Amino acid sequence: MSEEQDLAQQKKEAAAKAKAAALARRQSKESVTEEREGNMNVANQKAAAAAKAKAVALARRQSKESVTGEPEGNMDVAKQKAAAAAKAKAAALARKQSKESGIEESEGNMDVAKQKAAAAAKAKAAALARKQSKESGIEESEGNMDVAKQKAAAAAKAKAAALAKKKELVGKEEDPEKAKAKAIAAAKAKAAAAAKSRARVEESTEVHTPDEPSPNQSILDQIVQAIERNLGQGALTDYYINNLSKDVPTLVAKPDTYFQIAKILRYEEQLKFHYLSELHGTDFETHMEIYVHLFSFNTNHSAALKVKLDRDSPVVPSLVPLWSGANWPECEAYDLLGILFQGHPDLKRILLGEDWVGYPLRKDYQPYDVEV
């Protein structure tokens, strides 16, 4: 009975030893595999190494106990529990590492997938924006082209209508000379209407009496008294303050008293209008008019002298004997209006040639050569 028990015990110990060795090999293999596949961190590697060392130490201990023949009893149960605990711990550690490795791999794959999706969405949005911008540019350019075409069409239509109208007028007007005559007559009528309007405005504004007396009223009264004292009350046809010309005292003389009044203005001691600053003529269609502007350096005052002439035979005495500065202005009035200044030392045309026909500043002037 003793020998059989020894044999059974030896078999049992050999089986336990083989089981422990197999477990150690399995744990070692699993530890190496997990280390290669999972790329464990330093802490996991240390834990695996500790479990491996513990299993090897357990195997050595069991082998030593088997060789020495130490009775097993409670020791076998403790060994089995220790082996089972080590195995369970190693399995749990392997599952944890596998799970962490899978999670990290899946998260890494998810990050890569998200980046790829974001890049694809960004590229798609950029392509769509470029497409829309291109389409918008094309539509805008087409819109501008449509507007330009419409304007060009309208301009062409207006041009064609004007050309047609011109051809129609030319076709109706067979005689070019007749057309020229009509144009001259229309221009003459227009100029006459404008002249009448200006004459009415000038006459109405010049005789306007302001609410307050002009500061030059006393000068006008002094001039009128000097003239009436020398020539009588009938020498002037009118006198007034011209409010539209800086309140200049204005005298309107008769053609036969024009020169005598000018002489009083020039030499009267209280007046002494030494300087003739302006002389010009105007055609009002109903009459011609001469306007003379004078200035006195002694009194620092101005005065104006006017005379109305017959339009058909505008003749008036020259003021050159009183003011030499009247020479060229009187020649100009003669050249452009045909006004004759009796007593002028050298009355002649100074702007137009002596063979020029007509007087260009007359309202009814018609060019001798229509083409000019």
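Structure: see above.
So, a few notes on the structure that sits alongside this text. Quantities reported herein were computed from a predicted structural model and do not represent experimental measurements.

Next up on the list: the overall build of the protein. For the protein, the helix and strand inventory stands at 7 helices and 7 strands. The helix and strand sequence of the protein, counted from the amino end, reads α-α-α-α-α-β-β-α-β-β-β-β-α-β. Taking all 372 residues of the protein together, 27% fall into the buried category. Long-range pairs, those at least 24 residues apart, make up 57% of the contacts in the protein with a sequence separation of at least 6. Total accessible area on the protein is roughly 24,900 Å²; 56% of this is exposed by carbon and sulfur atoms.

Unusually for a residue other than glycine, lysine 246 sits at a positive phi of about 60°. For lysine 246, a relative accessible area of 78% puts it in the exposed group. For lysine 272, which is not glycine, the phi torsion reads 55° and is therefore positive. Among the structural elements, lysine 272 can be located in the loop between helix 6 (258-267) and strand 3 (275-283).

Sheet architecture is open: 5 strands sit in the order 1-2-5-4-3, paired in mixed fashion. In this open sheet, the two strands that pair with only one neighbour each are strand 1 (236-242) and strand 3. Across the sheet, the mean angle separating the axes of adjacent strands is 20° when strand polarity is ignored. Where strand 2 (residues 248-253) and strand 5 (residues 301-309) come together, 4 bridges link them in parallel fashion. Paired with threonine 250 across the strands is alanine 304, a residue of strand 5. Along the sheet, helix 6 contacts strand 1, strand 2, strand 3, strand 4 (288-296) and strand 5; its crossing angle with strand 5, the most-contacted strand, is approximately 175°. Against the sheet, helix 7 (residues 327-337) makes contact with strand 3 and strand 4, and its axis sits at roughly 10° relative to strand 3, the strand it touches most.

One pair of aromatic rings is described through two measures. These are the centre distance and the angle between the planes. Scanning the entire structure with this criterion turns up 2 aromatic pairs. Centroid distance tyrosine 275 to phenylalanine 297: 6.0 Å. Interplanar angle 45°. Geometry classified as tilted. Note that tyrosine 275 is positioned in strand 3 and phenylalanine 297 in the loop between strand 4 and strand 5, a separation of 22 residues in sequence. Since its relative accessible area comes to 55%, phenylalanine 297 is described here as exposed. A centroid spacing of 5.2 Å and a plane angle of 80° characterise the contact between phenylalanine 295 and phenylalanine 297, whose relative ring orientation is edge-to-face. An aromatic cluster is defined as three or more aromatic residues linked by ring pairs; in this entry it consists of Tyr275, Phe295 and Phe297.

A few words now on the side chain of serine 214. Mapping serine 214 onto the fold places it in the loop between helix 4 (176-206) and helix 5 (217-231). At 3.1 Å, the side chain of serine 214 forms a polar contact with the backbone nitrogen of asparagine 216. Residue contacts for serine 214: discarding those within four places in its chain leaves Ile241 and Asp247.

Turning our eyes to something else, we now look at the pairing of strand 1. The side chains of a regular strand alternate, first on one face of the sheet and then on the other. In terms of strand pairing, strand 1 meets strand 2 through 6 bridges, oriented antiparallel. Residue pairing for strand 2: leucine 236 is matched across the bridge by alanine 253. Between strand 1 and strand 2, which pair antiparallel and follow one another directly, the connecting turn spans 5 residues, one of which, lysine 246, has a positive phi of 60°.

As paired strands, strand 3 and strand 4 are joined by 8 bridges and run antiparallel to one another. Each residue of the ladder has a partner; that of threonine 282, found in strand 4, is glutamate 289. Taking the residues that link successive antiparallel strands as the turn, the strand 3-strand 4 hairpin has 4 residues, and the phi of glutamate 285 there is positive, at about 70°.

Here we come to the nonpolar core. By size, the foremost hydrophobic cluster in this structure holds 38 residues, and its most contacted members are Tyr258 and Leu319. Broken down by element, this core gets its largest block of residues, 6 residues, from helix 5. Setting aside anything within four residues of it in sequence, one finds tyrosine 258 in contact with Ala253, Leu279, Ile290, Val292, Leu305, Val307, Val316, Pro317 and Leu319.

This part is about helix 5. Over its 15 residues, helix 5 runs 21 Å from end to end, which matches the ideal 21 Å to within 8%, given 1.5 Å per residue. Taken as a whole, helix 5 has its buried residues at Ile219, Leu220, Ile223, Val224, Ala226 and Ile227. Seen along its axis, helix 5 keeps its buried residues to an arc of 160°; they face one direction. Away from the buried face of helix 5 by more than 90 degrees, exposed residues Gln225 and Arg229 are located.

Cut-offs applied
- Residues numbered from 1 in each chain as written.
- Predicted model: local features only at pLDDT ≥ 70, side-chain atom pairs only at ≥ 80, totals over all residues.
- Heavy atoms only, no water.
- Helix = DSSP H or I, 4+ residues; strand = E, 2+ residues; numbered from the N terminus.
- Buried < 20%, exposed > 50% of the residue type's maximum accessible area, 1.4 Å probe, protein only.
- Contact = heavy atoms within 4.5 Å.
- Areas by Shrake-Rupley, 256 points an atom, 1.4 Å probe, with all protein chains shown as cover.
- Pairing = 2+ DSSP bridges.
- Axes fitted to C-alpha atoms, helices over the stretch in contact; angles between N-to-C directions.
- Phe/Tyr/Trp six-rings, centres within 6.5 Å; stacked < 30°, edge-to-face > 60°.
- Polar contact = N/O pair within 3.5 Å; in protein donor to acceptor, adjacent residues only side chain to side chain.
- Core = buried A, V, L, I, M, F, W, Y, C linked by side-chain atoms within 4.5 Å.
- Expected span 1.5 Å × (residues − 1).
- Arc of directions from axis to C-beta.

Limitation: the analysis is restricted to geometry and does not speak to function.
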